[in-house]
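Notes for the structure review
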Amino acid sequence: MEKNKNKNIVIRRDFLKSSIMTSIGLLIGTNIVFASNFPKGLLPIGVLDGTLPSGLIGKSDKLTILNDRPVNAETPAHLLNDDLTPNNLFFVRNNGLPPNKVDVNKWSLTFEGESVKNKKTFSIEDLKSKFKHYTYNITLECGGNGRSEFNPTAKGNQWSTGAVGCASWTGVRLADVLNDVGIKSDAVYIGYYGEDTHLSGDPKKEPISRGVPISKAMEEESLIVWGMNGEDIPMLNGFPLRLIFGGYPASCSGKWLSKIVVRNKVHDGQKMKGQAYRIPCKSVAPGTKVKDEDMCIIERMPVKSLITYPKTGATISLNDKLPIKGQAWTSSDHIESVDYSIDFGVTWYPCKVELSKNKFAWQRFSASIAFPEMGYYEVWARATDSEGKIQPMILPGWNPKGYLNNACHRIAIKVQ
Ligand SMILES: Nc1nc2c(c(=O)[nH]1)N[C@H]1C(S)=C(S)[C@@H](COP(=O)(O)O)O[C@H]1N2
Ligand SMILES: [Mo]
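Everything numeric here is computed off the predicted structure, so don't read it as measured data.

1. A closer look at the site of ligand 1
What surrounds ligand 1 is a group of 19 residues, the closest being Phe91, Asn95, Asp196, Arg242 and Lys255. One of the side-chain nitrogen or oxygen atoms of Asn237 is found 2.7 Å away from an oxygen atom of ligand 1. Residue composition of the shell around ligand 1, grouped by class: 9 nonpolar, 6 polar and 4 charged.

Laid out in structure tokens, this is it:
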């Protein structure tokens, strides 16, 4: 990480000094074909790289490790090509320490709070036997995914593009369970508590306790799940029980779930207040300090896409067409279209977009690209959702904690 950062700085200075693309062309080892179109201040991604392999329980060593305490690891873009992200490749974002030992038979989930009629507790067996089971393919994306591109820098995990994945989740509808428990008419929010512990070791402190508005909790795709891609949820992703909310920051999808509170006001658990998972209610200039009371809770996540094939840096012969593939997702009904550009955004061409099994599952796009001459290119992809919202080319609204970067993904291609 540190090494790469320095490398970028060195290159960036050089870039600014000479302010001509030929110097970067030399670094890449070939000429940059549409150099005159290249936006000022952007760095060709062909010169960035870096994945640090390491070990994580139940996880592939191909994940990029950001932290080991708490564990945070992301998935390189080219390993997100599957419609369902394999369990061992699914990103991990922990705020505290996962529970040490889990006894599935003794696990329980309690519903309480101002707006439940009566407190009620279920075992996992109760949930499985009392309620209808549902399986949905749902994309989870951390609200801070893409934070590493923020300038001025935003504190927190420096996620690149890989704090996202789509899995098939099996469990029961949260709405069915809430209706069984009985909620009062003044219910406005639900909050979760999990069995992970605070980094300090203090049992009275919660690492995180977030939630969603009651209307979101009642949606048909909002689930309490025990299954991920047909298997038990991996320990690091919340075994044996977690929440799943499509289209909201993944921080709402509580792991190691043991308690749900139904609130008559916005849930005020850990990381619901102050600056956490909140953005300025009105857009601000980069670097602005924003008062807590001027920050609003992030609800719906913006439209986004990733090019998952080929891996950035691939080389292709001028005689061949390059097949590209990727995934696009949205909190609106569906992805309407995805376009690609090979001339730094001047000209766009449509990709083929496939339908998904259900709302909140990511959708595959693909295209076959012919290049006009030898040299360095970037393939850029840009998704548009069913509300007509389009991904921006560069970092959208700067915010103090670095959330919601849905800028277009770029890969580097060398044509020989
Ligand atoms: N109990 C608990 N739930 C949690 C978290 C956590 O630290 N503890 N992290 C949240 C955040 S910030 C994210 S992005 C997602 C990550 O889910 P994953 O690790 O399965 O990818 O879980 C959310 N649920
Ligand atoms: Mo997150």
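Structure shown, so let's carry the discussion forward.
2. Quick word on the environment of Ile124
Assignment of secondary structure puts Ile124 in helix H3 (residues 124-130). Look at Ile124 and you get buried, because its relative accessible area is 6%. Sequence-wise, Ile124 and Lys106 are 18 residues apart; in three dimensions their C-alpha atoms are separated by 8.4 Å. Setting aside its immediate chain neighbours within four residues, Ile124 contacts Val104, Trp107, Pro240 and Leu241.

3. Here's the deal with the side chain of Ser251
Tracing the backbone shows Ser251 in the loop between strand E12 (242-244) and strand E13 (257-263). A polar side-chain atom of Ser251 sits 2.8 Å from a polar atom in the side chain of Arg210. Here Ser251 is in contact with Tyr192, Ile208, Arg210 and Tyr277, once residues within four sequence places are set aside.

4. A look at the nonpolar core
The biggest cluster of nonpolar side chains holds 38 residues, and the ones touching the most others in it are Phe111, Leu174, Ile190 and Ile224. Of all the elements in the fold, those that place two or more residues in this core are strand E4 (108-112), H3, helix H4 (174-181), strand E8 (189-194), helix H5 (214-217), strand E10 (223-228) and E13. With 4 residues, the single largest contributor to this core is H4. Grouped together as the second largest cluster of nonpolar side chains are 23 residues, Leu322, Phe365, Tyr377 and Ile413 included.

5. Details of the state of the cysteines
Under the defined criterion, the tally for this structure stands at 1 disulfide. In this model Cys281 forms its disulfide with Cys296; the gap between the sulfur atoms is 2.1 Å. What sets the handedness of the Cys281 and Cys296 disulfide is the S-S torsion sign, and at about 105° it is right-handed. With Cys281 in the loop between strand E14 (278-280) and strand E15 (295-297) and Cys296 in strand E15, this residue pair connects regions lying 15 residues apart in the sequence. Classification of Cys281 by relative accessible area gives partly exposed; the value is 42%. For Cys296, a relative accessible area of 33% gives the class partly exposed.

6. What to know about the pairing of strand E7 (residues 164-173)
In regular strands, side chains alternate between the two faces of the sheet. Most of E7 is tucked away: 10 of the 10 residues are buried. One ladder, built from 5 bridges, connects E7 with E10; its direction is antiparallel. When the bridges of E10 are listed, Val172 appears paired with Ile224.

7. Observations regarding the packing of aromatic side chains
Summed over all chains, the structure comprises 12 aromatic pairs. When the centroid spacing of 5.8 Å and the interplanar angle of 90° are considered together, the rings of Phe111 and Phe122 count as edge-to-face. Of this pair, Phe111 sits in strand E4 while Phe122 sits in strand E5 (residues 120-123), and the two are 11 residues apart along the sequence. Just as Phe111 is buried, Phe122 falls in that class too.

8. So, the environment of Lys155
One can find Lys155 in the loop between strand E6 (133-141) and E7. Distance in space between the C-alpha atoms of Lys155 and Lys401 is 6.2 Å, their sequence separation being 246 residues. Discounting residues that sit within four places of it in the chain, Lys155 has contacts with Arg147 and Lys401.

9. A word on the pattern of salt bridges
For the structure shown, the criterion picks out 15 salt bridges. Between Lys119 and Glu112 there is a salt bridge, and its shortest N-O distance comes to 3.5 Å. Residue Glu112 is classed as partly exposed on the basis of its relative accessible area of 21%. Of the charged contacts in the structure, one is a salt bridge between Lys216 and Glu219, with a shortest N-O distance of 2.8 Å. Since its relative accessible area comes to 27%, Glu219 is described here as partly exposed. Counted as one network, the salt bridges with shared partners bring together Glu114, Arg263, Lys265 and Asp268.

Rules and cut-offs
- Residues numbered from 1 in each chain as written.
- Chains lettered and ligands numbered in written order.
- Predicted model: local features only at pLDDT ≥ 70, side-chain atom pairs only at ≥ 80, totals over all residues.
- Heavy atoms only, no water.
- Near = heavy atom within 4 Å.
- Polar contact = N/O pair within 3.5 Å; in protein donor to acceptor, adjacent residues only side chain to side chain.
- Nonpolar A, V, L, I, M, F, W, Y, C, P; charged D, E, K, R; others polar.
- Helix = DSSP H or I, 4+ residues; strand = E, 2+ residues; numbered from the N terminus.
- Buried < 20%, exposed > 50% of the residue type's maximum accessible area, 1.4 Å probe, protein only.
- Contact = heavy atoms within 4.5 Å.
- Core = buried A, V, L, I, M, F, W, Y, C linked by side-chain atoms within 4.5 Å.
- Disulfide = S-S within 2.5 Å.
- Pairing = 2+ DSSP bridges.
- Phe/Tyr/Trp six-rings, centres within 6.5 Å; stacked < 30°, edge-to-face > 60°.
- Salt bridge = Lys/Arg side-chain N within 4 Å of Asp/Glu carboxyl O.

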